[in-house]
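If you want the building blocks of each chain, they are given just below.
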Amino acid sequence: MKFIKKDFLWGGATSASQVEGAYDVDGKSLTIAEMRPFNPNLDRKSVHELNNYTRKDYEKSIENKERLHYPKRIGIDFYHRYKEDIALFKEAGMNIYRMSIAWSRIFPNGDEKEPNKQGLKFYKEVFEECKKNGMEVMLTIQHYDVPYPIAKKYGGWSNKQVINLFVKFATVIMKEYKDLVKYWLPFNEINVAPLAPTTGLGIFRENFSSEKEYMNAAYQGLHNQFYAQAKVIEIAKTISSNIKMGCMVANMTTYSSDCNPVNIWENLSSQQMQRYFYYDVMLKGEYPTYSKRYFEEKGIKFEATPEELKVIKENNVEYITFSYYMTSTVSKELKDAAGGNLMLGGKNPFLKATEWGWQIDPIGLRITLNQLWDRYQVPLFISENGIGVVEQLDKNKTVEDDYRIEYLAKHFEQINEAIKDGVDVFGYTMWTPIDVVSLSTNEMSKRYGLIFVDYDDYHKGTGDRFKKKSFTWFQEFMKTKEL
Ligand code: BGP
């Protein structure tokens, strides 16, 4: 395929808690991510039930010295092997690496006076390694890994004190890394917060007397993140003009299940509250009118002061990044059954799905890019996209992952089409350049990488890295893509 855009950023994305391991090394504290229970027997299509784990389930894991049941505590040992990994990303031809920084390494308790020097040193070395290898860094400041001490002492993001802790953390790292990191994303998939409050906000259901209180806390937490992000943008302007602030949304594009206007409306209103609401707040700086009706009808209440709203209004992001894995469908019937909160929508008879039920839709990416461009007219970046598959090394110590090559090639083609449509897309980081621990299932066996990592779900294996067929394909694509 001939890709028409020359100065395009191509790379891979990972997150701290899914790759680093070394969960208790050099002063780091435990995070929510590393305490998330692991249930290897769970049916693949119902992994989202993991959101029902309770505080007790999480806390039990602190006592549990059996680290193997908590795969994120070992990750792929990126903490010790990052040089090897970054060299492989370079060899693949990548010119950007999206990664995240663990708050728990910099302020392990959240409220220390001084940052942890060992944590700062680790990331400086990683960023320098990226520079040395000709890669830009895109840095997510929080990627689903609220430090447990913050969840415990402050009750997570619904507490406004957490805003100050986060802003302090972000300020420290912006000052420290302003010359090494160009692209900054305060929160990963900010729209997942109300859908999975423990993962996104570090708040637990049992801390609230009713479901209603819990939802109020979730939206309070979300508002606090919107405000914290705007505050960070405000401060960034005083630190360096080199810092480019963007947002990151799990872009759950859906279609109406048919052409019945009833369903078309339900789809639109669901797209408003699951996608546009977030972009609207972060790009237009205001809570959109439709959200006010939604909150009123659902009885959702949270505190947003005039001062906070002013900061949100005045400090918007410069560009949009989003994750794109699949699309699904929406109907009134489905929505009613899910109580309005559809995480995974309905089936689309025109699409094939992965083992986890994620429906593969390359054209949906072109549709999404056009929709976002029409509505916001800011540069767009696909910060996650990829296919999770159960894989094993074959006798030649590789994986013949033709399905991944097909998945990536078809999505690249649609990005190209969107660029021809006139959409301003400036980069792409695949999820993932290398196998990592899965976010939702906590397994190693849901693999996304161009590079195979020799660990199983119980971390048996050498941890060694092996190139899959898709690695060579991508390398070739990088050499031959341009006109
Ligand atoms: C996104 C997250 C990533 C990631 C990816 C794949 O929502 O930002 O952290 O892991 O999804 O999800 P999973 O690992 O559950 O397959």
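Residues numbered from 1 in each chain as written. Predicted model: local features only at pLDDT ≥ 70, side-chain atom pairs only at ≥ 80, totals over all residues.

1. Points about the overall build of the protein chain
Helices and strands together make up the secondary structure of the protein chain, namely 17 helices and 12 strands. Once the C-alpha set of the protein chain is aligned to its principal axes, its extents read approximately 60 × 55 × 50 Å. Per-residue burial for the protein chain yields a buried fraction of 48% across its 483 residues. Relative to all contacts within the protein chain whose residues are 6 or more apart in sequence, the contacts with residues 24 or more apart total 78%. (Helix = DSSP H or I, 4+ residues; strand = E, 2+ residues; numbered from the N terminus. Buried ≥ 20, exposed ≤ 12 C-beta atoms within 10 Å, placed from the backbone. Contact = placed C-beta atoms within 7 Å.)

2. Re the UniProt feature "active site" (unreviewed entry) in the protein chain
On the UniProt side, "active site" (unreviewed entry) is annotated at positions that read Glu384 here. Structurally, Glu384 is set in strand β9 (residues 380-384). Not counting residues within four places of it along the chain, the set of residues in contact with Glu384 comprises Ala13, Ser323, Thr429 and Trp431. (UniProt positions renumbered as here; feature names shortened; annotations may be inferred.)

3. Here we look at the environment of Ala92
By the element assignment, Ala92 lies in helix α4 (residues 78-92). Look at Ala92 and you get buried, because 24 C-beta atoms sit within 10 Å.

4. Details of the site of the ligand
The environment of the ligand is formed by 14 residues, the closest being Ser15, Gly388, Ser438, Leu439 and Ser440. Broken down by class, the residue content of the shell around the ligand amounts to 3 nonpolar, 8 polar and 3 charged. (Near = placed C-beta within 6 Å. Nonpolar A, V, L, I, M, F, W, Y, C, P; charged D, E, K, R; others polar.)

5. Thoughts on the nonpolar core
If you look at the biggest cluster of nonpolar residues, it comprises 122 residues, and the most contacted ones within it are Tyr97, Ile101, Val137, Leu139, Phe169, Trp184 and Cys247. Looking at this core, the element that brings in the most residues is helix α10 (residues 211-239), giving 11 residues. (Core = buried A, V, L, I, M, F, W, Y, C linked by C-beta atoms within 7 Å.)

6. Describing the environment of Gly346
When you line up the elements, Gly346 lands in the loop between α14 (332-337) and α15 (362-376). Spatially, the C-alpha atoms of Gly346 and Phe226 are 29 Å apart, while their sequence positions differ by 120 residues.

7. Digging into the sheet that holds strand β3 (residues 136-142)
Strand order in the closed barrel formed by 8 strands is β1-β2-β3-β4-β5-β7-β9-β10, and the pairing between neighbours is parallel. Across the sheet, the axes of successive neighbouring strands diverge by a mean angle of 25 degrees, strand direction being ignored. Bridging between strand β7 (residues 319-323) and β9 involves 4 bridges; their strand directions are parallel. Within β9, the residue paired with Ile320 across the bridge is Leu380. In the packing of α15 onto the sheet, contacts are made with β7, β9 and β10 (425-430), and the angle to β9 comes to roughly 135 degrees. (Pairing = 2+ DSSP bridges. Axes fitted to C-alpha atoms, helices over the stretch in contact; angles between N-to-C directions.)

8. Concerning the pairing of β3
For β3, a buried count of 6 out of 7 residues is recorded, marking the element as mostly surrounded by other parts of the structure. As defined by bridge partners, strand β2 (residues 96-100) adjoins β3 across 5 bridges and the pair is classed as parallel. By the bridge assignment, Ile96 is partnered in β3 with Glu136. Summarising the sheet, β3 and strand β4 (residues 183-187) pair through 4 bridges and their orientation is parallel. Note on β4: the bridge partner recorded for Thr140 is Leu185.

9. Digging into unusual backbone geometry
Where the residue is not glycine, phi is negative for most of them; where a peptide bond is considered, it is trans in most cases. Between Trp431 and the following residue, Thr432, the backbone shows a cis peptide bond with an omega angle of 0 degrees. Following the sequence through the fold, Thr432 ends up in the loop between β10 and β11 (451-453). Of note, Asp26 is a non-glycine position whose phi angle comes to about 55 degrees, a positive value. Topologically, Asp26 is positioned in the loop between α1 (16-19) and α2 (32-35). The partly exposed category is assigned to Asp26, around which 14 C-beta atoms lie within 10 Å. The residue His459 is not glycine, and still its phi comes out positive at about 60 degrees. Tracing the backbone through its elements, the reader meets His459 in the loop between β11 and β12 (465-467).

10. Overview of the confidence of the model for the protein chain
Of all residues in the protein chain, 94% attain a pLDDT of 70 or more, and the chain-wide mean is 93. Interface confidence for the predicted complex, given as ipTM, is 0.98, next to a pTM of 0.96. (pLDDT = per-residue confidence, 0-100.)

11. Observations regarding the packing of helix α8 (residues 161-177) against α10
Helices that pack against each other are described as a pair by the angle of their axes relative to one another and the distance between those axes. Running from amino to carboxyl end, α8 crosses α10 at an angle of 30 degrees, the nearest separation of the two axes being 9 Å. As the angle between them shows, α8 and α10 are arranged roughly parallel. Where α8 crosses over α10, the two elements pack in a sense that is right-handed. Taking contact as the criterion, the partners of Val162, Ile163, Phe166, Val167, Ala170, Thr171, Met174 and Lys175 in α8 are, on α10, Asn224, Tyr227, Ala228, Lys231, Val232, Ile235, Ala236 and Ile239. Residues belonging to the contact of α8 with α10 are distributed by class as follows: 12 nonpolar, 2 polar and 2 charged. (Parallel < 35°, antiparallel > 145°, perpendicular 65-115°, else oblique. Left-handed = near helix turned anticlockwise from the far one by under 90°.)

12. Points about the pairing of strand β1 (residues 9-13)
Of all the 5 residues making up β1, 4 are buried; the element is thus mostly covered by neighbouring parts of the structure. By the bridge criterion, 4 bridges tie β1 to β10 in an arrangement that is parallel. Across the sheet, residue Gly12 finds its bridge partner in β10, namely Met430. Examined bridge by bridge, β1 and β2 share 3 bridges and lie parallel to one another. Each bridged residue has a counterpart across the sheet, and for Ala13 the counterpart in β2 is Arg98.

13. Here's the deal with the packing of α15 against helix α16 (residues 402-420)
The N-to-C vectors of α15 and α16 enclose an angle of 30 degrees; their axes lie 8 Å apart at closest approach. In terms of their interaxial angle, α15 and α16 are classed as roughly parallel. Like other packed secondary-structure pairs, α15 and α16 cross with a definite hand, here right-handed. Along the contact surface, α15 presents Pro362, Ile363, Leu365, Arg366, Leu369 and Asn370, while α16 presents Lys410, His411, Glu413, Gln414, Ile415, Glu417 and Ala418. Of the residues assigned to the contact of α15 with α16, the class counts are 6 nonpolar, 3 polar and 4 charged.

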